[in-house]
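Topology and contacts: notes
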Amino acid sequence: MRLSKLVQIRKKGMLIAAAALTACALAACGGSGSSSDTKGGENTSKETSAAETGGTQKDTLIVAKDENVTSLDPQAIVNQKSFSVYCNLYEGLVTYDAETKEISPCLATEWEAIDDKTYHFKLREGVKFHDGNVRTSEDVCFSFERAMSSGVVSTYFNYLDSIEPDGDNAVIMHLKMPYAQLYQALSNPSAVVVSKKAVEQYGDDFAKNPSGTGAYKLKEWKQADSITLEAFEDYWGEKPVTPTVVYKVIPEGSQRTIMLENGEADIAYAVLPNDAGRIEDSADLTMIHEPGYKCMLFYLKTDSKTSPVKDSKVRQAIQYAVNKQEIADTVAYGYGQVGSLYCTPLTTGYNAEKDQGDMYDVDKSKALLAEAGYADGFDLDFYCQTGQTYEEVATILQAQLADVGINLNVITMESNTINEKVYSGEEIPIRMGFYNNLCGDVDLVMQKLLPSAYGQVYFNDEVEELMNEARSKTDAAERQKVYDKFWDLMAEDVPWITIYYEETMIGRSNKVDGFKLNPVGAHQLKTVAVYE
């Protein structure tokens, strides 16, 4: 049975699992978790509106986030630590509506398919950028062309052949092939519109001088410390409820929870699972936890010239050596579901029948290693990004793999540093991380595994063939058959090993109103109010 929602609560040492079967509101958009104890992932005993308490509204919202922003240029980087902020600076043609859980109009007010590879978008008129310039169709075309040529995000736009203006307030998209998932793809955090004039003015410094059409604009950026946004006075839509938003970079998870408890932060992102109980037990705080699109996993360098992981039997052996349930119970404290696929159950294209879950089998692992010529095991460098959860997982993996003779040398460093090494072609045989599906469709997983993808370490042309075949299928059932072929291929090749599907974990003060969780982490804050 497919569980399209899973909410697991760990409280006072007990694990309580609740599952609800619901339909996805749209192919790429999952609903919020629910159970007898929760509503929308929040404790129902604390549902009194902050506004109802009679407090005075504050003019500054403080958000404690776990990592420093890499860049505020959406076509230069598309990681969660960055787009969790810049999603409030930029807007796309469409947007994911956290309230309705559907794709909704944004800078485009309406659209139509001229044929199966040509789409016409009518643009919202009178929209201004933060630099004061009026957005035109030229800016839209420039932004998509810039994304298509980006060394980092171009993979996410490989469906697009060209885009052209149709007057000042309309554009026409020409696709390379029929693409059933187009509107979901356009909700990607990098599929947003930037000011052409600002990019031309600032060049490489545009990331420090961003200009979008969002409800907030950049006021100040203190590297590795904080980012301050202020309401954009000429915003085309409803003005932000809170004039100023301050993101404080707090790498230590427990410190973010303490700041929430002490009133130093109004919202805390990436709450550690072992801190969730404290927030749930507090009369002044609310713990929000909902299934999302993120998987905890590690990547293997299948094209390695020197490491044993170049052998698919070795990669399969490693998967059988991992006790995923032990890791999920120990590290995720129940806020996670063990799985083997590269997408969560909320994702379109997920198939429970293809999900092998916890494949732990030491004897099978040893047999595969022997077949590959490594009966006595081997040493392996394991790169782990900094962060309590990742480091805890690495420690457990080190012990588990030792049981089959694989001795992990855990190397811990900041994720940006690891990525730079991967992108430069350095020998990184295996690395700990996560995968966040930014559009909620398996199509994006396939894009990530294309030979042309930035920093790719897995090369199989069959992936692109399957992706193109799936894109041509307008019938969801037929498209699923292609996705299932992809899952069979991944089970054989094992370029990634998923441990568990994460829940999005956010804590908030009960003095906060209007916060809506986005499943990929692009949380919009223009509707959020905070009270004394």
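Residues numbered from 1 in each chain as written. Predicted model: local features only at pLDDT ≥ 70, side-chain atom pairs only at ≥ 80, totals over all residues. Heavy atoms only, no water.

**Section: the overall build of the chain**
Tallying secondary structure elements over the chain gives 14 helices and 23 strands in all. Residues counted as buried form 58% of the 532 residues belonging to the chain. Within the chain, counting contacts between residues at least 6 apart in sequence, those at least 24 apart form 70% of the total. Within the structure as shown, the chain displays about 20700 Å² of accessible surface, and the carbon and sulfur contribution to it stands at 45%. (Helix = DSSP H or I, 4+ residues; strand = E, 2+ residues; numbered from the N terminus. Buried < 20%, exposed > 50% of the residue type's maximum accessible area, 1.4 Å probe, protein only. Contact = heavy atoms within 4.5 Å. Areas by Shrake-Rupley, 256 points an atom, 1.4 Å probe, with all protein chains shown as cover.)

**Let's talk about the packing of helix α7 (residues 312–321) against helix α9 (residues 362–371)**
At their nearest, the axes of α7 and α9 sit 8 Å apart, and the two run at 165 degrees to each other. Considering their axes alone, α7 and α9 lie roughly antiparallel with respect to each other. In this structure, α7 crosses over α9, and the sense of that crossing is left-handed. Where α7 approaches α9, its residues Lys313, Val314, Gln316, Ala317, Tyr320 and Ala321 are matched on the opposing element by Val362, Lys364, Ser365, Leu368, Leu369 and Glu371. Among the residues forming the contact of α7 with α9, the class breakdown is 7 nonpolar, 2 polar and 3 charged. (Axes fitted to C-alpha atoms, helices over the stretch in contact; angles between N-to-C directions. Parallel < 35°, antiparallel > 145°, perpendicular 65-115°, else oblique. Left-handed = near helix turned anticlockwise from the far one by under 90°. Nonpolar A, V, L, I, M, F, W, Y, C, P; charged D, E, K, R; others polar.)

**Focus on the nonpolar core**
The biggest cluster of nonpolar side chains holds 100 residues, and the ones touching the most others in it are Phe144, Phe486 and Phe515. Here this core gets 6 residues from one element, more than from any other, and that element is helix α14 (residues 476–493). If near-sequence neighbours (up to four positions away) are discounted, Phe144 is found in contact with Leu93, Phe157, Leu160, Ile163, Met173, Leu186 and Ala191. Residues Val322, Leu368, Leu397 and Val404 belong to the second largest nonpolar core, which totals 38 residues. (Core = buried A, V, L, I, M, F, W, Y, C linked by side-chain atoms within 4.5 Å.)

**Focus: the confidence of the model for the chain**
Summing up the model confidence of the chain, the mean pLDDT is 89 and the portion of residues at 70 or higher is 90%. In the model, residues 1–45 has pLDDT below 50 throughout and makes 124 contacts with residues more than four positions away in sequence or in other chains. (pLDDT = per-residue confidence, 0-100.)

**Remarks on the pairing of strand β6 (residues 94–97)**
Covered by surrounding structure in β6 are Val94 and Tyr96 only, the residues Thr95 and Asp97 on the alternate face being uncovered. Bridge analysis of β6 against strand β7 (residues 102–105) gives 4 bridges, and the strand direction is antiparallel. Bridged to Tyr96 within β7 is Ile103. In textbook terms, the turn of a hairpin is the stretch between consecutive antiparallel strands, and for β6 and β7 this stretch comprises 4 residues, one of which, Lys101, has a positive phi near 60 degrees. (Pairing = 2+ DSSP bridges.)

**A short note on α9**
Residues Ser365, Leu368 and Leu369 constitute the buried set of α9. For α9, the angular spread of the buried residues around the axis is 100 degrees, confining them to a single face. Counted as exposed and oriented over 90 degrees from the buried face of α9: Asp363 and Glu371. Packed against the buried residues of α9 are α7, β18 (378–385) and β19 (406–413). Capping the start of α9 is the job of one residue whose side-chain oxygen sits 3.3 Å from the backbone nitrogen of Asp363: Asp361. Once α9 finishes, Gly373 follows within two positions and takes phi at roughly 95 degrees, a positive value. (Arc of directions from axis to C-beta. Polar contact = N/O pair within 3.5 Å; in protein donor to acceptor, adjacent residues only side chain to side chain.)

**Some details on the pattern of salt bridges**
Under the defined criterion, the tally for this structure stands at 16 salt bridges. Across the salt bridge formed by Glu261 and Arg278, the nearest N and O atoms sit 2.7 Å from each other. With Glu261 in helix α5 (residues 253–262) and Arg278 in helix α6 (residues 273–281), this pair connects stretches of sequence that are 17 residues apart. Residue classification places Glu261 among the partly exposed positions, given a relative accessible area of 37%. Across the salt bridge formed by Lys485 and Glu469, the nearest N and O atoms sit 3.8 Å from each other. (Salt bridge = Lys/Arg side-chain N within 4 Å of Asp/Glu carboxyl O.)

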